[in-house]
Each structure stands twice: as C-alpha cells, then as structure tokens.
Amino acid sequence: PPLELDRRQRQMCIRDRAAGVPIVASRVDGIPAVVEDCALLVAPEDDSELAQALRKVLECPQTSAELVKRERQRAELFGLQKGCDRMVERYEELLH
C-alpha cells in the first residue's frame with residue numbers, strides 16, 4: 001500500500017542520515033520534510049534527474065561532504081537527548 005511505502009521511505013532516509021551517507025530521494029509525500037536540505041531531491045519517475053543526482057554525489061566529493069555535514073548538524077539539533085530534554089521541559093511547563 002502507498003502509506004506503507006511512504007513510511008518505509010521516510011525510515012530509510014532517517015537511517016541513511018544517521019549513517020552519514022549522502023541521500024538522493026524523490027520529492028514525494030513526506031520525504032522532503034524528513035530530509036530538508038540534507039539531500040538532493042529529484043522528481044519522482046524522472047530517471048534522467050535521478051541519474052544526474054547520483055552522479056553528482058558519486059563524482060563530486062564536495063557535494064557529498066556538504067550533504068553529510070548538513071545531516072550531522074541536523075542530527076545535533078534533533079538528537080535523542082535533546083528531544084528528551086525538550087519533552088521534559090514541556091511537561092514541566094504544563095505542570096506549572
């Protein structure tokens with residue numbers, strides 16, 4: 001089903017971000033929101049654009065390095081500990 005595919009695609013993007021590899025993904029459903037500026041996004045079913053983006057991350061070390069750098073910066077913003085800290089702060093605000 002489409003919803004299951006969308007969920008799996010988002011999980012793959014999150015996993016790849018955590019692994020520190022450059023991401024090339026389709027501009028569909030929730031994918032752009034998950035990867036933000038940490039990936040090269042291509043039109044769905046556009047083989048030429050996909051090939052061009054893959055070539056770019058494989059042949060241009062600067063592009064790959066910049067994408068991975070952005071991924072790491074995003075991970076620092078939304079790491080598990082920071083998320084837990086924000087949740088505790090929010091609960092404390094609600095209790096007071």
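As a starting point, this report considers the structure included with it.

The rules behind each value
Residues numbered from 1 in each chain as written. Predicted model: local features only at pLDDT ≥ 70, side-chain atom pairs only at ≥ 80, totals over all residues. Heavy atoms only, no water. Helix = DSSP H or I, 4+ residues; strand = E, 2+ residues; numbered from the N terminus. Buried < 20%, exposed > 50% of the residue type's maximum accessible area, 1.4 Å probe, protein only. Areas by Shrake-Rupley, 256 points an atom, 1.4 Å probe, with all protein chains shown as cover. Contact = heavy atoms within 4.5 Å. 1 Å grid on protein atoms, 1.4 Å probe; cavity = no way out; pocket = protein on both sides within 12 Å on 5 of 7 lines; lining within 4 Å. Points joined across faces, edges and corners; volume = space filled by probe spheres on them. Nonpolar A, V, L, I, M, F, W, Y, C, P; charged D, E, K, R; others polar. Salt bridge = Lys/Arg side-chain N within 4 Å of Asp/Glu carboxyl O. Patch = residues over 30% accessible without salt bridge, like charges linked within 9 Å, V, L, I, M, F, W, Y side chains within 5 Å. Core = buried A, V, L, I, M, F, W, Y, C linked by side-chain atoms within 4.5 Å.

Tallying secondary structure elements over the protein chain gives five helices and two strands in all. Starting at the N terminus and ending at the C terminus, the protein chain contains elements arranged as α-β-α-β-α-α-α. The 96 residues of the protein chain split such that 23% are buried. With an accessible surface of roughly 7,100 Å², the protein chain has 57% of that area assigned to carbon and sulfur atoms.

Mapped onto the secondary structure, Thr63 falls in helix α4 (residues 61–77). Setting aside its immediate chain neighbours within four residues, Thr63 contacts Leu40 and Lys56.

What follows is about the layout of surface pockets. Here the largest pocket is characterised by a volume of approximately 170 Å³. Around the largest pocket sit eleven residues that line it, and Gln9, Met12, Cys13, Val24 and Ala25 are the ones nearest its centre. Elements represented by at least two residues in the lining of the largest pocket include exactly α1 (2–19) and β1 (23–26). Per-class residue counts for the lining of the largest pocket are eight nonpolar, two polar and one charged.

Here the structure, examined in full by the defined rule, presents three salt bridges. Among the ionic pairs, Glu66 bridges to Arg70, the shortest N-O distance being 3.2 Å. Note that Glu66 and Arg70 are positioned in helix α4 at a spacing of four residues, about one turn of the helix. Owing to a relative accessible area of 32%, Glu66 belongs among the partly exposed residues under this scheme. Note that Arg90 and Glu93 form a salt bridge whose closest N and O atoms lie 3.2 Å from each other. Of this pair, Arg90 and Glu93 both sit in helix α5 (residues 80–95), three residues apart, roughly one helical turn.

The subject of this paragraph is a nonpolar patch on the surface. Together, Leu50, Leu54 and Leu58 line one region of the surface with nonpolar side chains, adding up to about 290 Å² of accessible area. With respect to the element layout, Leu58 can be found in helix α3 (residues 47–59).

With that settled, the discussion passes to the nonpolar core. In summary, soluble globular proteins display a tendency toward joint burial of nonpolar side chains. In terms of nonpolar packing, the biggest core is built from eight residues, these being Cys13, Ile23, Ala25, Val28, Ile31, Val34, Val35 and Ala39. Those elements giving two or more residues to this core turn out to be β1 and α2 (31–35). Among the elements that line this core, the one with the most residues is α2, at three residues. Beyond its immediate sequence surroundings of up to four residues, Val28 is in contact with Gln9 and Pro44.

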